[in-house]
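Listed below, chain by chain, are the residues.
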Amino acid sequence: MVISNKYCALLSVVLINFFSAISTADTVRVTTIVDNPLTPLGISIMNHAYGELGYDVQYIEAPSARSLELLDSGLADAELGRIDGQQLEYHNLVKIPVSLTMIRIGAFTHRHDVVEASWESFKNLRLGVVRGSKFYNSAPSGLTTYFVDRAPQLLDLLMANRIDVAIMEQSVGRYLIKTGGFTGIKQLQGELGHFDVYHYIHKQRANLIPQMTEELSKMEHDGILKRMREEFDQGIQEPSSLN
């Protein structure tokens, strides 16, 4: 079963055409995932890094899968942040080898008979995942999976009893539960995996690759990335289980 968001996809195309028309050599068009609570951290990092290099940044929001497609087709210059391996599927993307942060994949449910986050315990359950989430490639085949365009939709499906388990980054799930006022949803014990997140640049902006590699490496060495992550975590962290 597929839950689409045609309006959001159309809007992203309109925005791309607009940004393409006004883009200059001193502007970097960066795609981001719509409704992702981790986006502000990435924007802070990108604004600092590209700002130090003398570039302006324009951000283009799109659903997760669409965001990568826009970048790979050359309608954008870079992707804010994704886990490793995007360059294997999208061959026009180049990974900047400096980890921006780490994400931990968790599971959320309203069921009382499920307590552990493990693929084995999910075999007979209905799962929900954001379309384009590459971490889901490591899941075993045969799982009943419903795909959505935005993370908040997963919690809506849980509340409507259309799925049994929502799979997403742990801090994202906790943040959405808190800010969305969702009740009766808990985070399951354990994690389904953890992944470093990297910035990606399109080959057409090859000049940016060594520049951003050097600048992000400098930010890591100087402790700037660590400080940004810690400041962001203070604002988004919640207790590990919400009942």
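Per chain, residue numbering runs from 1 following the sequence as it is written. Totals for whole chains, interfaces and linings use every residue, but because this is a predicted model, local features are given only for residues with pLDDT of at least 70 and side-chain atom pairs only at 80 or more, for both listing and counting. Note that water and hydrogens are dropped before the side-chain values are worked out from all heavy atoms of the structure.

Below, the discussion takes up the packing of aromatic side chains. Two aromatic rings are characterised by how far apart their centres lie and by the angle between their planes. Any Phe, Tyr or Trp ring, taking Trp's six-membered ring, that has another such ring centre within 6.5 Å forms a pair; planes under 30 degrees apart are called stacked, those over 60 apart edge-to-face, and the others tilted. Counted by the stated rule, this structure contains four aromatic pairs. A ring pair is formed by Trp-119 and Phe-122, whose centres lie 6.2 Å apart and whose planes are at 85°; its orientation type is edge-to-face. Note on Trp-119: relative accessible area 16%, which makes it buried. Lys-95 extends its terminal NZ or CZ atom over the ring of Tyr-198, reaching a point 4.4 Å from the ring centre. Between buried and exposed lies partly exposed: a residue is buried under 20% and exposed over 50% of the maximum accessible area for its type, with that area taken using a 1.4 Å probe on protein chains only. Think of it as a cone above the ring: NZ of Lys or CZ of Arg counts as a charge over the ring if it is within 6 Å of the ring centre and within 35 degrees of the ring normal.

Parts of the prediction with low pLDDT should not have their coordinates interpreted in detail. The predicted model of the protein averages 88 in pLDDT, with 86% of residues at 70 or higher. For every residue, the pLDDT score states the predictor's confidence, bounded by 0 at the bottom and 100 at the top. Runs of H or I in DSSP of at least four residues are treated as helices and runs of E of at least two as strands, each being numbered from the N terminus. Confidence, read as mean pLDDT per element, is least for helix H1 (residues 6-22) in the protein (50) and greatest for helix H7 (residues 208-221) (98). Scored below 50 in pLDDT, residues 19-23 shows eight contacts in the model against residues more than four places distant or in partner chains. Of the regions scoring below 50 in pLDDT, residues 238-243 engages in 14 contacts with residues more than four places distant in sequence or in other chains. In what follows, a contact means two residues having at least one pair of non-hydrogen atoms within 4.5 Å.

With that out of the way, let us pick up the nonpolar core. Judged by nonpolar contacts, the single largest core of 61 residues is most densely connected at Tyr-50, Phe-122 and Ile-167. Sorting elements by how many residues they give to this core places strand E4 (residues 93-109) first, with seven residues. When near neighbours in sequence (up to four residues on either side) are disregarded, Tyr-50 contacts Val-28, Val-30, Tyr-55, Val-57, Ala-78, His-199, Ile-201, Leu-208 and Met-212. Each nonpolar core is a collection of buried residues, namely Ala, Val, Leu, Ile, Met, Phe, Trp, Tyr and Cys, held together in the definition by side-chain atoms within 4.5 Å. Leu-68, Ala-76, Tyr-90 and Tyr-198 belong to the second-largest nonpolar core, a separate cluster that totals seven residues.

Turning our eyes to something else, we now look at the packing of helix H2 (residues 39-52) against H7. The contact between H2 and H7 brings their axes to 10 Å, and the two run at 115°. Note that H2 runs across H7; the crossing there is right-handed. Together, Ile-45, Met-46, His-48, Ala-49, Tyr-50 and Glu-52 of H2 and Leu-208, Met-212, Glu-215, Leu-216 and Met-219 of H7 make up the contact between the two elements. Each residue gets one label: Ala, Val, Leu, Ile, Met, Phe, Trp, Tyr, Cys and Pro are nonpolar, Asp, Glu, Lys and Arg are charged, and the others, such as Gly, are polar. By residue class, the composition of the contact of H2 with H7 is eight nonpolar, one polar and two charged. In this analysis an axis means a line fitted to C-alpha atoms, helices contributing only their contacting stretch, and an angle means the value between N-to-C directions, from 0 to 180 degrees. It is the rotation of the near helix from the far one that decides the hand of a crossing: anticlockwise by less than a right angle makes it left-handed, clockwise makes it right-handed.

Next up on the list: helix H6 (residues 170-180). Turning to H6, its buried residues number three or more, namely Gln-170, Ser-171, Val-172, Gly-173, Arg-174, Leu-176 and Ile-177. Gly-181 occupies a position one or two residues after H6 and carries a positive phi of about 70°.

With a phi angle near 60°, Asp-35 is a residue other than glycine that sits in the positive phi range. With respect to the helices and strands, Asp-35 occurs in the loop between strand E1 (27-33) and H2. Among the residues examined, Asp-35 registers a relative accessible area of 33% and is labelled partly exposed. Phi angles above zero are rare outside glycine, and Asn-161 is one such case at about 60°. Relative to the helices and strands, Asn-161 resides in the loop between helix H5 (151-159) and strand E7 (165-169).

A few words on the pairing of strand E5 (residues 126-130). Strand residues, when the strand is regular, have side chains that alternate between the two faces of the sheet. Taking burial as the measure, the five residues of E5 include four buried ones, the bulk of the element. Between any two strands, at least two bridges found by DSSP are needed for them to pair. Here five bridges tie E5 to strand E6 (residues 144-148), and the two strands are oriented parallel to one another. Looking at the pairing, Leu-127 lines up with Thr-145 of E6. Judged from the two bridges that link them, E5 and E7 form a sheet pairing that is parallel. Residue pairing across strands places Leu-127 opposite Val-165, the latter belonging to E7.

Given a helix with a known number of residues, its expected span is that number minus one, times 1.5 Å. The end-to-end C-alpha separation of H2 is 20 Å, in line with the 20 Å expected for 14 residues at 1.5 Å each. Of the residues one or two after H2, Gly-54 is the one with positive phi, at around 90°.

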